[in-house]
Amino acid sequence: MSFPKEFIWGAAAASYQVEGGAFSDGKGLSVWDMMSRWPGRTWENNSGDVSCDHYHRYEQDVALMAQIGLQAYRLSICWPRVLPQGIGKINEKGIDFYDRLVDSLLAHRIQPWVTLFHWDYPYELFCRGGWLNPESPDWFAEYARVIADRLSDRVTHWMTQNEPQCFIGLGHQDGYHAPGLKLDFPEILLATHHALLAHGKAVQVLRSRAKSTPTIGAAPVGVTLIPVSNSEADIQATRKRMFSISEKTYWTNTWYADPMILGCYPKDGLELFGKAVPNFRSSDFDIICQPLDFYGANMYHAERVRALPDGGSEIVPFDPGPAVTTMDWKIVPETLYWGPRFLYERYKLPIVVTENGMANIDWIHLDGQVHDPQRIDFLHRYLQQLQRAIDDGVDARGYFVWSIMDNFEWAFGYRQRFGLIYVDYTSQKRLLKDSALWYKEVIASNGNRIGTVTEDRAPRQI
Ligand code: GCO
């Protein structure tokens, strides 16, 4: 009834969301630099130009991480900061930033977990077709090579891409995220195929060039479903639905994870998507499907599923007045039980929860502190469920709170606060929220104080 001895306790952020320094030291532009200038595309026209100014204040931020006792920090690299044109000439000052950041983390005994791509795609490559260009997997491989050569003597934990569902779907189909396109489904599937090839090539690069043995995963997002009851019928129906494709949507688990881990597109998707599926070679999967060391699960919420007598299933709506975050995401702690369990059963890879957390109405109270009991309760409940999954045999190796600090929440700008650390964007002052102090104790006790799942006290029901 406890977390494994080697369990990793961390927190995460991503380059565009925290760094700022958008025009500093020879950095190239990203598609987010582009889109955040379009009026009305982000909340109050916020942009990541300055954000938390982590680019200039990383030392202070790393010291705060150390104060919390963080064992690992999941960061991403801004591709055009390192390669302003996306390929070709290296921006030494840009890569130097990551060199210094990694050194600073290691000096504080914090393991850097590096995501190669968390959405700030080079603008110059976007102008050449971006993910639609058949050369895009090779561009990504070149970028991976630059990073591997420079950082892999010290960085051992890697993720290739964060949430392809979002950067392809939200970015290229719905247009809510950069680059703000509204492409047709066949083009979406083509861009996805290239992103998958890029993932595979990057894993190959990391395996062949890394100077210290790499531990590699990816962090897709997908959909998490939980059974409405513990009956075998509901559990089976939920598992089946979580790994089925029944609509023409990018919100699927299997269209991304099956190629990466099982080496093929799922049959039901191939049938349903039909002619929209790009012409691919079966040898593409020799590239896409590379051995991975863990499945990075970004998990926040879930929907409930009930089995139907005819062998099908249905989504069960939540009772009125459910607990929700300021993102309007329902609070469903069982997400961290069933999500890791189903993924582990299907893909048989160790699970690392690479993101979990909540946006809250945080401000500095009259006593000068940021009290965020909701976040503490949220993390507590979710971690209890993760522990339950581990007790039931799921090989979960780590947990990263999203996020280490408040930051630019994409189209929601600075409206949403996800951090353990409060950021005053005007003064750039940081303040540990109550949840950071609570998390510090969790880490120090290796999760001992989480306890087992407590029965819900009425009237909360899910
Ligand atoms: C995502 C990203 C993060 C978000 C976080 C909260 O899942 O969208 O990985 O960049 O900020 O998930 O929405």
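Given the structure is predicted, the values throughout are model-derived calculations rather than measurements.

### Topic: the sheet that holds strand β10 (residues 351-356)
For step 1, the next point in the chain: The strand order β1-β2-β3-β4-β5-β7-β10-β11 describes a closed barrel built from 8 strands, whose pairing is parallel. Neighbour to neighbour, the strand axes of the sheet diverge by 25 degrees on average, direction disregarded.
For step 2, the next point in the chain: Where strand β2 (residues 72-76) and strand β3 (residues 111-117) come together, 5 bridges link them in parallel fashion. Counterpart to L75 in the pairing with β3 is V114.
For step 3, the next point in the chain: With respect to the sheet, helix α5 (residues 92-107) is in contact with β2 and β3, its orientation differing from that of β2 by roughly 170 degrees.

### Observations concerning helix α10 (residues 232-242)
Structural remark: α-helix, 3.6 residues per turn; residues separated by three or four positions point the same way.
For step 1, the next point in the chain: Buried residues of α10: D234, I235, A237, T238 and M242, and no others. Seen from one end, α10 has its buried residues packed into an arc of 165 degrees, which puts them on one side. Counted as exposed and oriented over 90 degrees from the buried face of α10: E232 and K240.
For step 2, the next point in the chain: At its buried positions, α10 is contacted by β6 (225-227), β8 (303-307), β9 (313-316) and α14 (335-347).

### A look at the site of the ligand
For step 1, the next point in the chain: Around the ligand, the structure places 13 residues, and the nearest of them are Q17, E163, Y300, E355 and E409.
For step 2, the next point in the chain: Measuring from an oxygen atom of the ligand, one finds a side-chain N or O atom of H118 at 2.9 Å.
For step 3, the next point in the chain: Within the side chain of N162, one N or O atom sits 2.9 Å away from an oxygen atom of the ligand.
For step 4, the next point in the chain: Classifying every residue of the shell around the ligand by side-chain character gives 6 nonpolar, 4 polar and 3 charged.

What counts as what
- Residues numbered from 1 in each chain as written.
- Predicted model: local features only at pLDDT ≥ 70, side-chain atom pairs only at ≥ 80, totals over all residues.
- Heavy atoms only, no water.
- Pairing = 2+ DSSP bridges.
- Helix = DSSP H or I, 4+ residues; strand = E, 2+ residues; numbered from the N terminus.
- Axes fitted to C-alpha atoms, helices over the stretch in contact; angles between N-to-C directions.
- Contact = heavy atoms within 4.5 Å.
- Buried < 20%, exposed > 50% of the residue type's maximum accessible area, 1.4 Å probe, protein only.
- Arc of directions from axis to C-beta.
- Near = heavy atom within 4 Å.
- Polar contact = N/O pair within 3.5 Å; in protein donor to acceptor, adjacent residues only side chain to side chain.
- Nonpolar A, V, L, I, M, F, W, Y, C, P; charged D, E, K, R; others polar.

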